[in-house]
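# Structure at a glance
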Amino acid sequence: MAPARAREAVLIETPHCCAMSSSRTRLLTVPRLPVFRIAMLHLDSVCKKFSDCANFHFVSFLFRKLQGGGLVSSANEILRTRLDLLVSGITGLRDAGAFSEPNLDGTAGDYISFDSWEWPQGVGLYGLVRLWQAERTAATLDLLNDWYARHVEKGLPSLNINTTAPMLALSMIWRETKDPRWTPVLDGWANRLISQAPRTFGGAFQHDVSDKINKGELWDDTLFMAALFLASYGEGSGRRELVDEAERQFLLHAHYLADRETGLWFHGWTFDGWHNFARARWARGNAWITVGILDLADLATISPAVRIALNAMLESQIATLLKLQTPSGAWRTLLDDPSSYEETSATAGFGYGLLKASRLGIGPAGCREAGLRALDFVLKNIGSDGTVANVSYGTRMGHDLQFYRDIPIQPTGYGQALAMLCLVEGLHHVGKNEARASA
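The following refers to the structure shown. Keep in mind that what you see is a predicted model, and the values were worked out from it rather than measured. (Residues numbered from 1 in each chain as written. Predicted model: local features only at pLDDT ≥ 70, side-chain atom pairs only at ≥ 80, totals over all residues. Heavy atoms only, no water.)

## Some points on the environment of Gln325
With respect to the helices and strands, Gln325 occurs in the loop between helix H12 (304-324) and strand S5 (331-332). Apart from the residues within four sequence positions on either side, Gln325 is in contact with Ala330, Trp331, Ala370, Arg373 and Ala374. Here the side chain of Gln325 touches Gly329 through a polar contact of 2.9 Å, landing on its backbone oxygen. (Helix = DSSP H or I, 4+ residues; strand = E, 2+ residues; numbered from the N terminus. Contact = heavy atoms within 4.5 Å. Polar contact = N/O pair within 3.5 Å; in protein donor to acceptor, adjacent residues only side chain to side chain.)

## Some words on the packing of helix H7 (residues 165-177) against helix H9 (residues 221-237)
Axis separation between H7 and H9 bottoms out at 8 Å; the angle between their running directions is 20°. Judged by the angle between their axes, H7 and H9 are roughly parallel. When you trace H7 past H9, the crossing you get is left-handed. Here Ala165, Met167, Leu168, Ser171, Met172, Trp174 and Arg175 of H7 come into contact with H9, specifically with Phe224, Met225, Leu228, Phe229, Ser232, Tyr233, Glu235, Gly236 and Ser237. Of the residues belonging to the contact of H7 with H9, the class tally is ten nonpolar, four polar and two charged. (Axes fitted to C-alpha atoms, helices over the stretch in contact; angles between N-to-C directions. Parallel < 35°, antiparallel > 145°, perpendicular 65-115°, else oblique. Left-handed = near helix turned anticlockwise from the far one by under 90°. Nonpolar A, V, L, I, M, F, W, Y, C, P; charged D, E, K, R; others polar.)

## Some remarks on the pattern of salt bridges
The tally for this structure, following the rule as stated, stands at 21 salt bridges. With a shortest N-O distance of 3.0 Å, Arg239 and Asp187 are connected by a salt bridge. One end of the pair, Arg239, is in the loop between H9 and helix H10 (240-257); the other, Asp187, is in helix H8 (residues 183-196), and 52 residues separate them in sequence. Between Arg284 and Glu343 there is a salt bridge whose closest N-O contact spans 3.4 Å. Pair noted here: Arg284 is in helix H11 (residues 283-299) and Glu343 is in strand S6 (residues 342-343), with a separation of 59 residues, a long-range link. (Salt bridge = Lys/Arg side-chain N within 4 Å of Asp/Glu carboxyl O.)

In structure tokens form, the structure reads like this:
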């Protein structure tokens, strides 16, 4: 119990709390503790399920009430505390054996455990790198370097589109630290990717993965898992041909995957029949595109014509996304299918993208507000152990829409990482709110 002199009475509204009606208020005695502990320890008396039902705008309201008494340094504190939780959540992920997905070489596939080299972990590492870039915490950089050192010592897996994903974060670390351990790893992988990875008609990367050859197929996922690495390492190493290849992959995939009717993207394309499979406007696939187009321009110097073309596609996609956001702030796993479930990883990716687009002056009006509602939803889905809930498991190419509706829920590295991206970007926007509130 905090000393009496360190306690204040604060009148707070609880409009979104399931334990109280929208018209009620309560007088709480709040100790001078960090904001997250205030929320978890003291608002529990208002609502036993605060962490599940609290609305972010309510939290912001509470911050404004508390700031006048000096109890809370900033609204950013809760986001930073949740980011710490997300790191704990991702490093604690372990494969419990619920999925059996053996690789083509006979080894066991592990798409969950943090210490496995695969695409979910690669996306997770990207989230950790972006967090490190935002906070410059030595412990995060040590975590990343140690992860890569263990895998390089053990020996890296066979090259395919999905096993390329961890190279993106490594390239970003190398660009800033110039650690000589990583130069031959990155250079060798980039050389093999552009010279050995199977390609389809037109030169697009065929989406081959560790447990399957997907002959003649293009997937949204490829751009995030492979093209961003080429852009990042190409820029950092001065190898313009790698950046050019990344641009080429974005344009080729856009030609076959972008839906001209809606501005959304289909999950996949096959040259065996020349069609878009189930014509699924799958949420996470679209999130790879939203994040990918925005971050491509961060990672490399993109040709003006390519940048203009990709931004136009992004704006078309965002315009439709704004119409499809649900009242909860989420998007459904099939974006235009009201019968499909709300999904957190895609929502986090869109939240990140919309907030970032608004900050950069890209996209239609309403991006920032929709992004904040998405941030709201993501915060509600971060558990006390740091794992992100309501994340759909890795999704292969569906030949009918029911396939997507039936994908199970499973905490994963990409769920953790996309939430990190959303919260890190949220730090820019929450800070702006506070500045206005205190002015």
